[in-house]
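# Architecture at a glance
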Amino acid sequence: MLKIGVIILQVCFLHVFLFLGMALKHILPLPIPASMFGLFLLFLALYCKVIKLEWVEQGAKWLMAELLLFFIPSAVGIVNYEQIISIQGLEIVVLIAISTMIVMGMTAITAERILARKRSERH
Amino acid sequence: MMIVFTILTYFLYLFSKKVYGKIPFPIFQPLLLAPILLIMLITIMHVSANQYLEDAKWLSHMLGPATIAFAVPIYKHFSTIKKYMVTILISITTGTLVAIFSTYLLSKLIHLNSDFLISILPRSITTPIAIEVSKEIGGLPTLTTVFVIITGVMGGVVGPAVLKWLSIKTPIAKGLALGMGAHGVGTNKAMEYGKQEEVFSSIAMIFAAFITLGWGTLFILFI
C-alpha cells in the first residue's frame, strides 16, 4: 500500500516537469512537444543534482512498465477510421509490418557491425 | 461514466497481460487483445468510440509524463550512452532513413492517397513527436497516431522474429533495433530481454524521435 502511495506521489511530481515543459514550449517556438522539453528538463535536474533520483525513480519505473496501458484508448480509437479498415486496412498493416522488419533488421545489423569493428580495433 | 471506462480499460489491460504471460502468442499481446475486447464491449453496450475516448482520455494523457519518465534510464546510464555515442548515432540515423524511405516506397506501391501517405511517414517514432512531425509536413495527426499504434503492435509481433532470423546477439543491437522500429512498445518488449536491451531501446526511441524531427524540418526547408 505504501508503495502505491509513493508511485502516485512521484507520478504527480513528474507532472511538474510536464508543466515546465509546456511553459518552455510557450517561450521557445520550436516544433518540439512539451513532453520532450519535460524529458530534457528532468534529465538536467537529475544531472545537476537539483532533484534526487529517489524522488522520481519509482513513479518513472511504473509509468514505463505500464506504457501499453496508455496506448489502449488510442488503439480503440482506430474504429473511427472505418475507411482505413474497410478499404486498405490489410494492405496498410502488411506495409507497416514489412517496413518495421526492414527498419529493425537494418538498425540491428548496422549497430552490430559497428560494435564488431570497435571490438576488433581494440585487439 | 468516466470512472467506469477507465477502470474497465485497466482491468482488461491486466487481464490481457495475464493471458499473454501464460500464452505468449503475438495475438495475445496486451496492445492487441485489450483493445479488441474493449471494442467488442463498447459495441455490445452501444457506446460510441468517441464517448469511450472522452471517458478514458486521461489514460492517453499519461503518455506525457511517461515520455518524461524516460529521462530516468538516460540519466542512470549516461556514461554508457557517452561510451556508445557513435554506434547509437549511426545506427539510429540509418534506422530513421530506412523507416521513412521504406514506408514511402511501400505506400506508393499500394497507391495510398496523399493525406495517408504524408501521415504515415513519421509512424515509427513515439506518439507525441510523431504528431508534431505530422503537423509540420502537412499530415493529419490523428491518422498518424493510428499508424504509430499499428507500428507498435506489429513491432511487438515481428521484432523478436527479425532479431532471431538475423541471429542478432549483442544486447545493444537488439535494444537499438526494438526502440528504433517500434518506439515505446518496442522498449516495453525490450524489457522482456534484459536491462541492457531496455536501456538501449529507450535511448533509440528518444534519438529516433529527435532525428526524425530534424528530417521533418529539413523537408520543410528544402521541399
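All of the points below concern the structure found in this document. (Residues numbered from 1 in each chain as written. Chains lettered and ligands numbered in written order. Predicted model: local features only at pLDDT ≥ 70, side-chain atom pairs only at ≥ 80, totals over all residues. Heavy atoms only, no water.)

## Examining helix H11 (residues 141-165) of chain B
Residues and elements named next belong to chain B. When the terminal C-alpha atoms of H11 are compared, their 34 Å separation across 25 residues agrees well with the 36 Å that a helix rising 1.5 Å per residue should span. At Val158, H11 shows its maximal kink, close to 40 degrees; a proline, Pro160, follows between one and four residues later. Across the 25 residues of H11, 18 count as buried, placing the element largely inside the fold. Of the residues trailing H11, Ser167 is marked for its positive phi of about 40 degrees. (Helix = DSSP H or I, 4+ residues; strand = E, 2+ residues; numbered from the N terminus. Expected span 1.5 Å × (residues − 1). Bend = angle between axes of the 7 residues up to and from the residue. Buried < 20%, exposed > 50% of the residue type's maximum accessible area, 1.4 Å probe, protein only.)

## Some words on empty space enclosed by the protein
Tallying each qualifying case throughout the model produces one cavity of 30 Å³ or more. Each pocket or cavity is described by its volume, and for the largest cavity that value is around 40 Å³. Lining the largest cavity we find A:Leu67, A:Phe71, B:Leu63, B:Thr67, B:Phe70, B:Thr126, B:Gly184 and B:Met205. Looking at the lining of the largest cavity, the elements that each hand over two or more residues are helix H4 (67-76) of chain A together with helix H5 (63-69) of chain B. Across the lining of the largest cavity, the residue classes tally to five nonpolar, three polar and no charged. (1 Å grid on protein atoms, 1.4 Å probe; cavity = no way out; pocket = protein on both sides within 12 Å on 5 of 7 lines; lining within 4 Å. Points joined across faces, edges and corners; volume = space filled by probe spheres on them. Nonpolar A, V, L, I, M, F, W, Y, C, P; charged D, E, K, R; others polar.)

## Details of the interface of chain A and chain B
Facing 70 residues of chain A, the contacting portion of chain B comprises 99 residues. Between chain A and chain B, roughly 7,700 Å² of surface is buried when both sides are summed, and carbon and sulfur atoms account for 81% of that area. Across the chain A-chain B interface, the total number found is two salt bridges. The salt bridge partner of B:Lys17 is A:Glu66, with a shortest N-O separation of 3.1 Å. For the pair chain A and chain B, the number of links is 17 residue pairs in polar contact (both at pLDDT 80 or more). Among the elements that line the side of chain A that touches chain B, the one with the most residues is helix H5 (residues 82-122) of chain A, at 28 residues. (Contact = heavy atoms within 4.5 Å. Buried area = accessible area lost by both parts, 1.4 Å probe. Salt bridge = Lys/Arg side-chain N within 4 Å of Asp/Glu carboxyl O. Polar contact = N/O pair within 3.5 Å; in protein donor to acceptor, adjacent residues only side chain to side chain.)

## Some points on the side chain of B:Arg123
Structurally, B:Arg123 can be placed in the loop between helix H9 (114-120) and helix H10 (127-137). Of the buried charged residues, B:Arg123 lacks a salt bridge, with A:Glu91 as the closest side chain of opposite charge at 15 Å. Reaching out from B:Arg123, the side chain makes a polar contact with the side chain of B:Thr103 at a distance of 3.1 Å. Ignoring any residue separated from it by four or fewer positions in sequence, one finds B:Arg123 in contact with A:Ile96, A:Ser99, A:Thr100, A:Val103, B:Ala99, B:Thr103, B:Phe147, B:Val148, B:Thr151 and B:His183. (Lys, Arg positive; Asp, Glu negative; His and termini not counted.)

## Looking at the packing of aromatic side chains
Applying the stated criterion to the full structure yields eleven aromatic pairs over all chains. For the pair A:Phe13 and A:Trp55, a centre-to-centre distance of 6.4 Å together with 75 degrees between the ring planes defines the contact as edge-to-face. With A:Phe13 in helix H1 (residues 2-27) and A:Trp55 in the loop between helix H2 (34-47) and helix H3 (57-65), this pair connects stretches of sequence that are 42 residues apart. By relative accessible area, which is 26% here, A:Phe13 ends up partly exposed. Judged by its relative accessible area of 43%, A:Trp55 falls in the partly exposed class. Centre to centre, the rings of B:Phe5 and B:Tyr52 are 5.7 Å apart; their planes meet at 85 degrees, and the pair counts as edge-to-face. Of this pair, B:Phe5 sits in helix H1 (residues 2-22) while B:Tyr52 is found in helix H3 (residues 49-55), placing the two residues 47 residues apart along the sequence. Owing to a relative accessible area of 0%, B:Phe5 belongs among the buried residues under this scheme. (Phe/Tyr/Trp six-rings, centres within 6.5 Å; stacked < 30°, edge-to-face > 60°.)

## Some words on unusual backbone geometry
One non-glycine residue, A:Lys49, lies in the positive phi region at around 60 degrees. By secondary structure assignment, the location of A:Lys49 is in the loop between H2 and H3. For A:Lys49, a relative accessible area of 63% translates into the label exposed. Even without being a glycine, B:His46 presents a positive backbone phi close to 55 degrees.

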